[in-house]
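Survey of secondary and tertiary structure
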Amino acid sequence: MRIHDEFDFIQKIKPQSHIHREIVTGIGDDAAVFSPEHEMNQVICVDTMVEEVHFLKNLSTPFEIGYKALAVNISDIAAMGGFPTYFLVSIAIPPNWNEQELLGIYEGMKELASQFKIDLIGGDTVSSKNQLVLTVTVMGEVEKKKHCLRSDARAGDVVFVTGTIGDSAAGLSILLNKSTASSDEVKLFLTSRHKKPKPQVKAGRVISKLERASLNDISDGLASELNEIAEASTKSITIYEELLPLSPELLSLNSEERFNWALYGGEDFELVGTTSIESFKRLSRQLESELIKITKIGQVTDGPASVHLVRQNETIKLEKSGYNHFKR
Ligand SMILES: Nc1ncnc2c1ncn2[C@@H]1O[C@H](COP(=O)(O)OP(=O)(O)O)[C@@H](O)[C@H]1O
Ligand SMILES: Cc1ncc(C[n+]2csc(CCOP(=O)(O)OP(=O)(O)O)c2C)c(N)n1
Ligand SMILES: [Mg+2]
Ligand SMILES: [Mg+2]
Ligand SMILES: [Mg+2]
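Throughout, residues of each chain are indexed from 1 in the direction in which the sequence is written. The naming scheme follows written order: chains are lettered A onward, ligands numbered 1 onward. In view of the model being predicted, local features appear only for residues whose pLDDT reaches at least 70, and side-chain atom pairs are presented and counted only at 80 or more, with totals across whole chains, interfaces and linings using the full set of residues. Excluding hydrogens and water, the side-chain values take into account all heavy atoms of the structure.

1. Notes on the UniProt feature "binding site: Mg(2+) 1" (unreviewed entry) in the chain
Formally: UniProt positions are given in the numbering used here, feature names are shortened, and annotations may be inferred rather than shown by experiment. Where helices and strands are cited, they refer to DSSP runs of H or I of at least four residues and of E of at least two residues respectively, numbered from the N terminus. Whether two residues are in contact is decided by their heavy atoms: any pair within 4.5 Å suffices.
The feature "binding site: Mg(2+) 1" (unreviewed entry), as annotated in UniProt, sits at Asp47 and Asp124 in this numbering. Within the secondary structure, aspartate 47 is located in strand S3 (residues 40-50). As for its placement among the helices and strands, aspartate 124 is situated in strand S5 (residues 119-127). For aspartate 124, the contacting residues outside a window of four places in its chain are Val89, Ser90 and Ile91.

2. Concerning the pattern of salt bridges
Note the threshold: We define a salt bridge as a side-chain nitrogen of Lys or Arg found within 4 Å of a carboxyl oxygen belonging to Asp or Glu. Per-residue accessibility, obtained with a 1.4 Å probe over protein chains only, is compared with the maximum for each type, and a residue is labelled buried under 20%, exposed over 50%, and partly exposed between these values.
For the structure shown, the criterion picks out 19 salt bridges. Taking the shortest distance from any N to any O, the salt bridge between lysine 57 and glutamate 101 comes out at 3.2 Å. You can see lysine 57 sitting in the loop between S3 and helix H2 (62-78) and its partner glutamate 101 sitting in helix H3 (residues 99-116), a full 44 residues away along the chain. Judged by relative accessible area, which is 26%, lysine 57 ranks as partly exposed.

3. Focus: the site of ligand 2
Inclusion rule: Definition of nearness: a residue and a molecule or strand are near each other if at least one heavy atom of the residue lies within 4 Å of the molecule or strand. Identification of polar contacts relies on pairs of N or O atoms within 3.5 Å, with a donor-acceptor requirement for protein atoms, meaning one able to donate a hydrogen and the other able to accept it, and with residues adjacent in sequence counted only if both atoms are side-chain atoms. Computed with the Shrake-Rupley method and a 1.4 Å probe, the accessible areas treat only the protein chains shown as cover for residues. Under the scheme applied here, ten amino acids are nonpolar (Ala, Val, Leu, Ile, Met, Phe, Trp, Tyr, Cys and Pro), four are charged (Asp, Glu, Lys and Arg), and all others, including Gly, are polar.
Around ligand 2 lies a shell of 13 residues, among which His54, Ser219, Asp220, Glu267 and His325 are the nearest. Side-chain polar atom of aspartate 47 to an oxygen atom of ligand 2: 3.0 Å apart, as the coordinates give it. Note that a nitrogen atom of ligand 2 is positioned 2.8 Å from one of the side-chain N or O atoms of glutamate 267. Taking 600 Å² as the accessible area of ligand 2 by itself, protein coverage stands at 83%. Considered class by class, the residues forming the shell around ligand 2 number five nonpolar, five polar and three charged.

This is the structure:
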């Protein structure tokens, strides 16, 4: 069934109750009102997902699309060292999406929202002529002076990355029938990494408690995110190809593309950053006890803002190329 009434649709997606007591009024008025109870800095970000640019309707379920739209935003809160609290959703709906599919998108968001204990407090519903556009705003909190900036890299820092990289791009390649997985398990693992990324909030929280760290999340690809840190900090970054954490599943594809996916593929939604050698030791221990993988992949030096990759005996300059909305 096509949706026939904007207000009726809003009633259907309105939460029955809230997790946070600070909410004075949520969905149902001109704007949401909340009154923060404690002395934290507020963090806020927004990212949009557009049909055919960020997802294809025939390759992802509505649930997965909703899940990912919220996940990518929680990832940006994690990349600041914060934890999420509230979110707002703006949805532009074309005629070929029915109500059941649209409610499915909200179900996907709800799964992640309950996992991270965050409340839907507002949004907007409009019609669109062709593509579905989903814009999610997430609010969060971080202790005063503890947010992690891209500009905080210093010479002598260790460059680290959480989890494994390249899986999402490999998963997309499989979904688009450009690559073949060696088994159903490998296919499920890699495509899930693409469709249902896990925002690294726990890692971000541990990193925020270090004395100092620079941090970014990987949406456009490792090379691009490292260039953002190098530019913001005016430092030179060197990473080593042999240190890049690739999953056994990615390696099993035996594709020559594996390093391209890891460096330029994007949508890993892992955290990449830098911190002092001493802090990195503490960080590794703390994340190990939480069973979160973290890998040293290089180091920071003084020098012009640039990123280099050491591959066997060669050193290659990594340009800020990766996903760029207007360069393809
Ligand atoms: N159209 C826009 N208007 C205002 N600010 C924007 C716009 N697009 C991006 N930004 C800001 O630019 C910065 C970088 O954005 P982006 O590259 O999308 O970050 P991320 O990759 O972490 O999502 C962020 O501070 C974001 O809020
Ligand atoms: C159909 C399809 N084609 C290509 C991609 C790959 N892709 C789309 S957007 C993107 C980069 C991340 O999105 P962006 O909007 O730049 O996020 P941000 O950096 O703002 O967090 C990538 C790798 C995809 N997910 N789906
Ligand atoms: Mg963005
Ligand atoms: Mg980001
Ligand atoms: Mg983002």
